Amino acid sequence: MRLRSAPSLLAALGVLSTVSLAGCTSGSGNVTVHVTPAASVADQPVSITVSGLSPGTAVTLRLRSTDATRTPWSSSATFRASGAGSVDPARMAARSGSYTGRSAMGLFWSMRSPLPGPDESYYWPGTRPAVFDLSVTAHGATLASARVTRRWLEAPTSAGAQTVAATGFDGQ
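Just so you know, the residues in each chain are numbered from 1, in the order the chain's sequence is written. Only residues with pLDDT of at least 70 get local features here, since the model is predicted, and only at 80 or more are side-chain atom pairs given and counted; chain-wide, interface and lining totals rely on the full set of residues. Hydrogens and water are ignored here; the side-chain numbers use all heavy atoms of the structure.

**Student:** Explain the overall build of the protein residue by residue, including any values.
**Tutor:** Each helix is a run of DSSP H or I of at least 4 residues and each strand a run of E of at least 2, with the numbering of both proceeding from the N terminus. Helices and strands together make up the secondary structure of the protein, namely 3 helices and 10 strands. Listing each helix as α and each strand as β along the protein from the N terminus yields β-α-β-β-β-β-β-β-α-β-β-β-α. Burial here depends on accessible area, computed with a 1.4 Å probe over protein chains only, as a share of the maximum for the residue type. Under 20% is buried, over 50% is exposed, and the range in between is partly exposed. Per-residue burial over the protein gives 37% buried out of 172 residues. For the protein, the computed accessible surface area is about 9000 Å², with 52% contributed by carbon and sulfur atoms. To be clear on the numbers: accessible area is Shrake-Rupley with a 1.4 Å probe, and residue cover counts the displayed protein chains and nothing else.

**Student:** Go over the confidence of the model for the protein, please, and point to the residues and values.
**Tutor:** As a per-residue measure, pLDDT tells how confident the predictor is, with possible values from 0 to 100. Here the protein averages 78 in pLDDT, while 69% of its residues score no lower than 70. Every residue pair with non-hydrogen atoms within 4.5 Å of one another is taken to be in contact. Below pLDDT 50 for its whole length, residues 1-28 participates in 102 contacts with residues either more than four positions away or in separate chains.

**Student:** Residues and numbers for the nonpolar core, please.
**Tutor:** Take the buried Ala, Val, Leu, Ile, Met, Phe, Trp, Tyr and Cys residues and link them wherever side-chain atoms come within 4.5 Å; each set so joined is a nonpolar core. In this structure, Ile-48, Leu-61 and Val-87 are the most contacted members of the largest nonpolar core, which totals 34 residues. For this core, the elements supplying multiple residues, two or more each, are strand E3 (32-36), strand E4 (47-51), strand E5 (58-66), strand E6 (72-80), helix H2 (106-109), strand E9 (130-138) and strand E10 (141-151). Tallying contributions element by element places E9 first for this core, with 5 residues. Excluding residues that lie within four positions of it along the chain, Leu-61 makes contacts with Ile-48, Val-50, Ser-75, Ser-76, Ala-77, Phe-79, Val-87, Pro-89, Leu-107, Leu-134, Ser-135 and Val-136.

In structure tokens, the structure reads:
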């Protein structure tokens, strides 16, 4: 399946998938990045939150992935931590980066490849999971990271020939 880099289709990439948190680590202090739900159905959005920051700290969230054609993709957004020391892209406006404003899925739909080419699309076969690495940085240091695995379908599927006699319809 090919997804065009248009925001609406890359937003589908972000929403039409299953998410699982493969790792959530702190690189400095008690900073933690949370990606929820850990497993979701195809039409559920992903929530990304960061906690344990010093209030007012400027942090950059960066999302990286390599598609099935080995093309690198990335996005980033810079936020200022709330008074409680947290960042929530769904509730806070990104100040700069691949997108600005509030968007829970902004890091996904704003991904771009640095490689030139006539076909600017993230290639992701529907049967294989796509892996996304999320990092939180401030002042050049990585504070926390998580690996997010996304699927188009919740469970493996199979295809086979169908007949009108057996199922009431004809197709594959």
